[in-house]
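Here's the letter readout for the chains.
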Amino acid sequence: VFAMAYFEQLKESQDAWEVCAEALAKGIYNDDHVKFFCFQVLEHQIKFRHAGLSAVQQQLIRETLMKWLQCQLMNTQPEKPFIRNKAAQVFALTFIMEYLTLWPKFFFDILSLVGLNPHGVDIYLRTLMAIDAEVVDRDILHSPETRRNTLIKDTMREQCIPNLVESWFQILQTYQQSHPELTCQCLEVVGAYVSWIDLNLIANDRFVNLLLSQMSVEELREEACDCLYEIINKGMDPVDKTKLVESLCQVLQSVGFFNVEQEEDVDFLAKFSRLVNGMGQSLVLSWTKLAKTGNVKATAETLQAMEAKVPLLLQLLVHEDDDISANIIGFCYEYLHVLKQLPQLTDQQKTNIEAIMLAVMKKLTYDDEYNFENEGEDEAMFVEYRKQLKMLLDRLAQVSPELLLEAVRRVFTNTMQNWQTAPFMEVEVAIRLLYMLGEALPASHGAHFSGDTAKASALQDMMRTLVSCGVSSYQHTSVALEFFETVVRYDKFFIVEPQHIPSVLMAFLDQRGLRHNSPKVRSRVAYLFSRFIKTLHKHMNAFIEDILTRIQDLLELAPPENGFPALLTSDDQLFMFETAGVLIVNGESPVERKQAMMRGLLTPLMDAFRLLLAKLPQETEEERQAALADCLSHAVGFASRTSKAFSNKQTVKQCGCTEVYRDCLQTFLPALSCPVQRGVLRSSVRSFLHRMIICLEEEVLPFVPAASEHMLKDCEAKDLQEFIPLITFYPNDQLIFMPLVLAIFEVLARPAEDNDQAAALEKQMLRRSYFSFIQTVTGSGMNEVMANQGAENIERVVFTIIQGAVDFPDPIAQKTCFIILSKLVELWGGKDGMVGFPDFIYKHIVPACFLAPLKPTFDLSDAQTVLFDCCIFYRHCRSFLQQEYLPSLQVSPEISQVRSARKLIKPANIFTHYAFFQRAKL
């Protein structure tokens, strides 16, 4: 720690850097960390203080660097990599600062010094990469220095790039046998610089032949691949690009690189696949450009060159290593896009499409090592790779939907005929392909079984096979999941062929689905079953009672003391309760039967709730309290979820279920006064009350005052914020209005720590919710709720609105407050308005309009919406003063004071107000 503090002092010191410079130049210290910190001090000086240095000091920096470099040439052992990297950064920074002015011979000086000394060449190459990072690298933002960087590159092109390229050639040639690591570094430099230098310097026989020869050297070929990739990616004329790609391909093919199956080094093949992908995408880009120019011959030649790469593409795409396969997907995708644009496909192109389809189908298949029970990083990578393959499948569907449909049908049918003996991965991928057709061949609102008869017939045949061949019994989680996913994706099939519904229902309900031995399958099936029932509820009438009986144990509230793991989690059970609700509500049973079934569903929840609620206050252990509270919360949530089944056509009242939900309310509301675990219980009951307000409407009214009384006791800002929207449904209940307002006042008045930002934000949000609530009351024809609260309470509320408009620097709240004040002037300011309110307007509300924009916290430049509301409010006041207030005082209009007042309250646009308040603030 002391050393770090000391070096920080050295950085800030005006002249201590010179001590560090001397230490580096003379090699005074042997400790690596000291050397590193000396470079850091020097780096800080160059980066932040270079302009303030004298010419002598700047010269000292140059000399220091060159002396240090000279020392490297003589050392038997190189410095540690982290020191060499830091040195390269300092060299690069000095270059950026001085190349255009003080050190134009930067590269000449370095090359003259290092020659072909391996230690020196290493620093030279690292410096070039550091310069690339500072000046060129597109992945690093350089916006302020863009002009400077452009100037550096232009000057380098003019003065030194040919010399640099020559030095690279010499390094590559000299060290490919003796120092492969230096050769790899140099290849990386060439790849980095080729994007912005003259390509002819690199893309010539001498240089390319050297690179191609290095493709055959085991230690160099991966870097050589990357270097060739960068050369291929260089922007150039499309005809020239095609020629370059073709010449490279001919050489690579002649040397045997296209014989992928004979290559065992997967790391190299991944790089080679990337190179082929780059070449293929370059040909696609050339073809696109040439097609637009109308150059028929060159376009045809480029397409021919592209098609010639397809056999190699297929070898790489179908390779067992997914990284190698993934690297070629870009070219494959773009090649298919080219085929999509052609007016007609040749037989060879159709063969290519089928071959790509088969490759995609094969690569979609899981391997033996995939861990379904404990998915880790490898599994996540395969899932991502599958998504890329899906994009290819979707593109195949766009190019030739008929071919894709036929290919999938062939694979699917063959696999389903032998599913009992086929490995799980083949069965899963066959069903997966059928599933993927749903997106690859889209249909409006999932109507796959109408319209295009060929497609509908094929999909119908496959779905019929899926649900009748018995594959739902296959004992593997991936097959089970894919079966149910596909059944639900094509749920409209069962509208066309409803005779298959009973067998699929049994699959959902037995050990294949909801009672499967895998929790993952059970959980997903709970959700899919709810979707299946929602879509096909009209076809479920004959099965309702049987389904409810079979899932009865899955609808039980699992008590925390049970100790046995439940088949479904509480989240999964939510879907089950919703499903049960949908079956009951949408069935064709008489109202009495629906009522009985809903009561049968909800009564066990209410009974369990009462027992658990009685236990909760007696528990002393907090962990046990929390478990009981969660269980109570689940019970309320389950009851609430059943109500999602109701709609405008099937209301609670029409189904005869009003009474049972009122009973639920009666059961759940006492939880609000429970002295422990208040947050969890209040939140769940509040949500249920909200649902009931939507479902039961006026039937809920008798429960609201009691609920409010409990919820407003000892509450926090967040509780109130969540409670206000609920009350907004019934703001005309005069018994609730003032208790709610007083609770809000009490919470807002609570002291908080100055630096507690979370508490400040909660108060701000509560304040906004309060103002929105008052706006709802005043703006929805229910202003009597306020009017009947008594003069003292009204005055108190209106003063909070004025305070919100003037004192709080919150434009959103201010806007709301001005809207409220405008409405109150309109409602209560006239002859028939509230007694005494006109005086109140003149004394308190009108001044607020002028005080708010004059406050130091009021940002005029950022408050145009608030000023706009001020303008509207001024107009209300103008109307009120001219027509009501001034005449009531029997003041003569000729009096200058009145004329001034009228002048003051003339309508004005926002810019006039803006200018007025700007002047007033000065």
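About the criteria used
Residues numbered from 1 in each chain as written. Predicted model: local features only at pLDDT ≥ 70, side-chain atom pairs only at ≥ 80, totals over all residues. Heavy atoms only, no water. Axes fitted to C-alpha atoms, helices over the stretch in contact; angles between N-to-C directions. Helix = DSSP H or I, 4+ residues; strand = E, 2+ residues; numbered from the N terminus. Left-handed = near helix turned anticlockwise from the far one by under 90°. Contact = heavy atoms within 4.5 Å. Nonpolar A, V, L, I, M, F, W, Y, C, P; charged D, E, K, R; others polar. Phe/Tyr/Trp six-rings, centres within 6.5 Å; stacked < 30°, edge-to-face > 60°. Buried < 20%, exposed > 50% of the residue type's maximum accessible area, 1.4 Å probe, protein only. Lys NZ or Arg CZ within 6 Å of the ring centre and 35° of its normal. Salt bridge = Lys/Arg side-chain N within 4 Å of Asp/Glu carboxyl O.

An unreviewed UniProt entry annotates the protein as Exportin-T of Sphaeramia orbicularis.

Q: I'd love a proper account of the packing of helix H3 (residues 32-49) against helix H4 (residues 55-74), names of residues and values included.
A: Orientation of H3 relative to H4, taken along the N-to-C sense of each, is 145°, at an axis distance of 12 Å. In terms of crossing hand, the pair formed by H3 and H4 is left-handed. Note on element contacts: H4 touches H3 through Ile61, Thr64, Leu65 and Trp68, opposite Phe39, Leu42 and Ile46. Within the contact of H3 with H4, the residues separate by chemical class into 6 nonpolar, 1 polar and no charged.

Q: Outline the packing of aromatic side chains, listing residues and values.
A: Throughout the structure, instances matching the rule amount to 41 aromatic pairs. Seen from their ring centres, Tyr99 and Phe107 are 6.3 Å apart, and the 65° between their planes marks the pair as edge-to-face. The class of Tyr99 is buried, set by a relative accessible area of 2%. Members of the aromatic cluster, each reached through a chain of ring pairs, are Phe449, Phe483, Phe484, Tyr490, Phe493, Phe494, Phe508, Phe529 and Phe532. A cation over a ring is seen here: Arg221 above Phe268, with NZ or CZ 4.0 Å from the ring centre. Geometry around Phe575 places Arg641 over its ring, the cationic atom sitting 5.1 Å from the centre.

Q: Lay out the side chain of Thr299 with the relevant residues and their values.
A: Along the chain, Thr299 turns up in helix H15 (residues 296-308). The class of Thr299 is buried, set by a relative accessible area of 12%.

Q: So, the pattern of salt bridges: which residues are in play, and what are the values?
A: For the structure shown, the criterion picks out 41 salt bridges. Here Arg206 and Glu166 are joined by a salt bridge, their closest N and O atoms 2.7 Å apart. Here Arg206 is found in helix H11 (residues 205-214), whereas its partner Glu166 is found in helix H9 (residues 161-175), with 40 residues between them in sequence. For Arg206, a relative accessible area of 44% corresponds to the partly exposed category.

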